[in-house]
Amino acid sequence: MNRIDRLFKRPDNGKALIGYATAGFPDVDTSLDIARSLLRGCDILELGIPFSDPVMDGPVIQESSRRALEAGTRVEDIMNIFSALRRETDKPLLAMTYYNPVHRLGPARFAAEASRCGMDGVLVPDLPPEEIEDWRKAAGGENLSTILFASMTTPPDRLEKLARLTQGFLYCIAVKGTTGMRKRMSDGLANFMSRVRVHCDAPLALGLGISTPEQCRRAGELADAVVVGSALVKKAIDALDRGEDPARSAGELAERLKASLL
């Protein structure tokens, strides 16, 4: 049992807030400050490894990834960010990465480095469950959870497969599309989450398109955890563009989002 499992098994924990930040944006040092600020309001922190050809990210996270890559952020830098955070917190830390960095290092080495620097779980959105065994085996050997995704269009037989394979929690996608802020939540979310619970005993996290405290509250009524990413990244981007502190701006929103779940 790792930190993710312990978090969801605490009877008095309530609904968890999972906050997202792009690692290395706008640079490594500021990225670490943003992560620290988010941890004051979030129960779990997910750091995205910037990638030049994302398939899941919308324009806000794409922009933050572009700036991080232009600043010269490397996977080694991101591992160092995780190491620094782990020295300061016992909250679960996750990495969201496309498979290319894992492939370049090799699953065994990537998993070993991730474990060494204090990660608890990894999300790889472009690695389908049919091809996940090598990575899942390497991750399991390092006590890393492999967290899978389900969408509103996932059929029942595939939901059963995802439920068997996911670890820590199942990430339920709240929109039909990429990451990004939405003015309203998708229709049919309640039916979707009810359908997932029929097939999955693991905790359920609902994310994508959730950006306001009210949306967060409503999502928390359907799931065990709520994931917010683009809204937090946008707060940091806007603050930077105004010459203000991105860590403070993003952290304040995270605290308001968490308050909506209490």
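Residues numbered from 1 in each chain as written. Predicted model: local features only at pLDDT ≥ 70, side-chain atom pairs only at ≥ 80, totals over all residues. Heavy atoms only, no water.

**Focus: the packing of helix H10 (residues 213-220) against helix H12 (residues 246-260)**
Here is step 1 of the chain: Packing of H10 against H12 leaves a shortest axis separation of 8 Å and a crossing angle of 40°. One way to sum up the angle between H10 and H12 is to call them oblique. Where H10 crosses over H12, the two elements pack in a sense that is right-handed. Residues Pro213, Cys216 and Arg217 of H10 form the contact with H12, whose participating residues are Arg256, Leu257 and Ser260.
Here is step 2 of the chain: For the contact of H10 with H12, a count of residues per class yields three nonpolar, one polar and two charged. (Axes fitted to C-alpha atoms, helices over the stretch in contact; angles between N-to-C directions. Helix = DSSP H or I, 4+ residues; strand = E, 2+ residues; numbered from the N terminus. Parallel < 35°, antiparallel > 145°, perpendicular 65-115°, else oblique. Left-handed = near helix turned anticlockwise from the far one by under 90°. Contact = heavy atoms within 4.5 Å. Nonpolar A, V, L, I, M, F, W, Y, C, P; charged D, E, K, R; others polar.)

**Observations regarding the sheet that holds strand S3 (residues 93-96)**
Here is step 1 of the chain: Pairing within the open sheet is parallel, and its nine strands lie in the order S5-S4-S3-S2-S1-S9-S8-S7-S6. Two strands close off the open sheet at either side, each with one partner strand: strand S5 (145-147) and strand S6 (149-150).
Here is step 2 of the chain: Sheet analysis places S6 next to strand S7 (residues 170-173), joined by two bridges and oriented parallel. Note that in S7 the partner of phenylalanine 149 across the bridge is tyrosine 171. (Pairing = 2+ DSSP bridges.)

**With respect to helix H6 (residues 107-116)**
Here is step 1 of the chain: Within the sequence span of H6, burial applies to Phe110, Ala111 and Ala114. Seen end-on, H6 carries its buried residues on one side only, within an arc spanning 95°. Facing away from the buried surface of H6 by more than 90 degrees, the exposed residues are Ala108, Arg109 and Arg116.
Here is step 2 of the chain: Buried residues along H6 sit in contact with helix H4 (75-86), helix H5 (99-105) and helix H7 (133-141). (Buried < 20%, exposed > 50% of the residue type's maximum accessible area, 1.4 Å probe, protein only. Arc of directions from axis to C-beta.)

**Examining the pattern of salt bridges**
Pairs can form between side chains of opposite charge whenever their charged atoms are close.
Here is step 1 of the chain: With the rule as written, the count across this model stands at 20 salt bridges.
Here is step 2 of the chain: The partner of glutamate 63 in a salt bridge is arginine 67, and the shortest N-O contact between them spans 2.8 Å. Residue glutamate 63 and its partner arginine 67 are both found in helix H3 (residues 59-70); the two are separated by four residues, about one turn of the helix.
Here is step 3 of the chain: Taking relative accessible area as the criterion, glutamate 63 reaches 23% and is therefore assigned partly exposed. (Salt bridge = Lys/Arg side-chain N within 4 Å of Asp/Glu carboxyl O.)

**Considerations on the packing of H6 against H7**
Packed helices, taken two at a time, are described by the angle between their axes plus the distance between the axes.
Here is step 1 of the chain: At a minimum axis separation of 8 Å, H6 and H7 run at an interaxial angle of 35°. Every pair of crossing elements has a handedness; the one defined by H6 and H7 is right-handed. Of the residues in H7, those touching H6 at Pro107, Ala108, Phe110 and Ala111 are Asp134, Trp135, Ala138 and Ala139.
Here is step 2 of the chain: Here the contact of H6 with H7 is composed, by residue class, of seven nonpolar, no polar and one charged.

**Remarks on the environment of lysine 235**
Here is step 1 of the chain: Assignment of secondary structure puts lysine 235 in helix H11 (residues 230-241).
Here is step 2 of the chain: Assessed through its relative accessible area of 33%, lysine 235 is described here as partly exposed.
Here is step 3 of the chain: In sequence terms lysine 235 and aspartate 245 are 10 residues apart; their C-alpha atoms lie 9.9 Å from each other.
Here is step 4 of the chain: In this structure lysine 235 touches Ser249, Ala250, Leu253 and Arg256, once residues within four positions along its chain are discounted.

**Overview of unusual backbone geometry**
Here is step 1 of the chain: In this structure, the amide linkage connecting phenylalanine 25 to the following residue, proline 26, adopts the cis form with an omega of -10°.
Here is step 2 of the chain: Here proline 26 lies in the loop between strand S1 (16-22) and helix H2 (28-39).
Here is step 3 of the chain: You will see that leucine 208, though not glycine, has its phi angle at about 80°, which is positive.
Here is step 4 of the chain: Looking at the secondary structure, you find leucine 208 in the loop between strand S8 (204-207) and H10.

**Comments concerning the packing of aromatic side chains**
Here is step 1 of the chain: Enumeration over the complete set of coordinates arrives at four aromatic pairs.
Here is step 2 of the chain: On the numbers, 5.9 Å between centres and 75° between planes, the contact of phenylalanine 110 with tryptophan 135 is edge-to-face. With phenylalanine 110 in helix H6 and tryptophan 135 in helix H7, this residue pair connects regions lying 25 residues apart in the sequence. The two residues phenylalanine 110 and tryptophan 135 agree in class, both being buried.
Here is step 3 of the chain: Ring geometry for phenylalanine 149 and tyrosine 171: centres 4.8 Å apart, planes at 40°, overall tilted. Residue phenylalanine 149 is located in strand S6, and its partner tyrosine 171 is located in strand S7; the two are separated by 22 residues in the primary sequence. (Phe/Tyr/Trp six-rings, centres within 6.5 Å; stacked < 30°, edge-to-face > 60°.)

**Observations regarding the environment of glycine 207**
Here is step 1 of the chain: Structurally, the position occupied by glycine 207 is in strand S8.
Here is step 2 of the chain: For the pair glycine 207 and valine 102, spaced 105 residues apart in sequence, the C-alpha separation works out to 23 Å.

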